[in-house]
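Chain residues, written in single-letter form:
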Amino acid sequence: KFKGIIFDLDGVITDTAEYHYIAWKHLAKKLDIEIDREFNETLKGISRSESLEKILINGDKEKKYTEKEKEELADSKNDYYLTLLEKLTPNDVMENIVETLKYLKENNIKVALASASKNAPLILDKLELRDYFEVIVDPSSVKQGKPAPDIFLEGARLIGLNPNDCIGVEDSEAGVIAINDSNMLSIGIGSEENLNHADVVIPSTKILKGTIENLM
Ligand code: BG6
Ligand code: MG
């Protein structure tokens, strides 16, 4: 029934969502800002610069940062994040993801990546998964980030499919909204509580292949 699958990366293909959290927490601490996991849910799927803005709102309201200072803060978060990525290997691919990608390949279902991360190509290379993806959408090529549907729509366009013929897979609330607004079927990976907008919610990737097979 479906002809294409468009995946998010961080928190879906590998647990880099956790690394983003660790890196933001590290930066926030230096700025005397406290962030917790609940707040972190609102950062998932959101670009680096927008995430920083959200974090700064939690800090000293009097403190104003120049654009240059904000750029430096975002760079320093990314530098720390990159040190965490150094230890990433194919062993860090989430459970059942390789089986899912193999199944999709065998069934000629097109696969694209729609991640807000500028580090996505590097991460797919480190995980040795690059060849499974026909397309990696460049997040800077789309007007609006998640929760706008732009990046999913661009993914569908680049693999030559109608959005209604595609499934989107996400771990973030912003991402699920983006999938829904692009008229794809949404699979949310995580808790029902955070992802209640998704058409289908599964607690982890462990049952992703079976879930997709059942939808076909
Ligand atoms: C998204 C993550 O995939 O990418 C966000 O969910 C992250 O947490 C965003 O901020 C941007 O990533 P990067 O690697 O370009 O800083
Ligand atoms: Mg994600």
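Everything below is about the structure shown above.
What counts, and where the lines are drawn
- Residues numbered from 1 in each chain as written.
- Chains lettered and ligands numbered in written order.
- Predicted model: local features only at pLDDT ≥ 70, side-chain atom pairs only at ≥ 80, totals over all residues.
- Heavy atoms only, no water.
- Salt bridge = Lys/Arg side-chain N within 4 Å of Asp/Glu carboxyl O.
- Helix = DSSP H or I, 4+ residues; strand = E, 2+ residues; numbered from the N terminus.
- Buried < 20%, exposed > 50% of the residue type's maximum accessible area, 1.4 Å probe, protein only.
- Core = buried A, V, L, I, M, F, W, Y, C linked by side-chain atoms within 4.5 Å.
- Near = heavy atom within 4 Å.
- Polar contact = N/O pair within 3.5 Å; in protein donor to acceptor, adjacent residues only side chain to side chain.
- Areas by Shrake-Rupley, 256 points an atom, 1.4 Å probe, with all protein chains shown as cover.
- Nonpolar A, V, L, I, M, F, W, Y, C, P; charged D, E, K, R; others polar.

**Notes on the pattern of salt bridges**
Consideration 1: A full pass over the atoms with the stated rule returns 13 salt bridges.
Consideration 2: Between K146 and D8 there is a salt bridge, and its shortest N-O distance comes to 3.2 Å. Linking K146 in the loop between strand 3 (135–136) and helix 7 (150–158) with D8 in the loop between strand 1 (4–7) and helix 1 (16–30), this pair joins segments that are 138 residues apart in sequence. Comparing K146 with D8, the two get one shared label, buried.
Consideration 3: A salt bridge links K110 to E134, with the nearest nitrogen and oxygen atoms 3.8 Å apart. With a gap of 24 residues between them, K110 in strand 2 (residues 110–113) and E134 in the loop between helix 6 (120–127) and strand 3 connect regions that are remote in the sequence.
Consideration 4: Look at E134 and you get partly exposed, because its relative accessible area is 47%.
Consideration 5: Sharing partners across several salt bridges, the network here consists of D8, K146 and E170.

**Describing the nonpolar core**
Consideration 1: Among the nonpolar cores identified, the biggest contains 35 residues, and F7, I13, F133, V169, I187 and L208 are the most heavily contacted of them.
Consideration 2: Membership of the second largest hydrophobic core comes to 15 residues, among which are A114, A156, C166 and M184.

**Details of the site of ligand 1**
Consideration 1: Surveying the vicinity of ligand 1 reveals 15 residues, the closest of which are D10, R48, S117, K118 and N119.
Consideration 2: The separation between an oxygen atom of ligand 1 and a polar side-chain atom of S117 is 2.6 Å.
Consideration 3: Relative to its unbound accessible surface of 390 Å², ligand 1 loses 97% to contact with the protein.
Consideration 4: For the shell around ligand 1, the elements supplying multiple residues, two or more each, are helix 3 (48–57) and helix 4 (67–85).
Consideration 5: Looking at the shell around ligand 1 residue by residue, the class counts come to four nonpolar, six polar and five charged.

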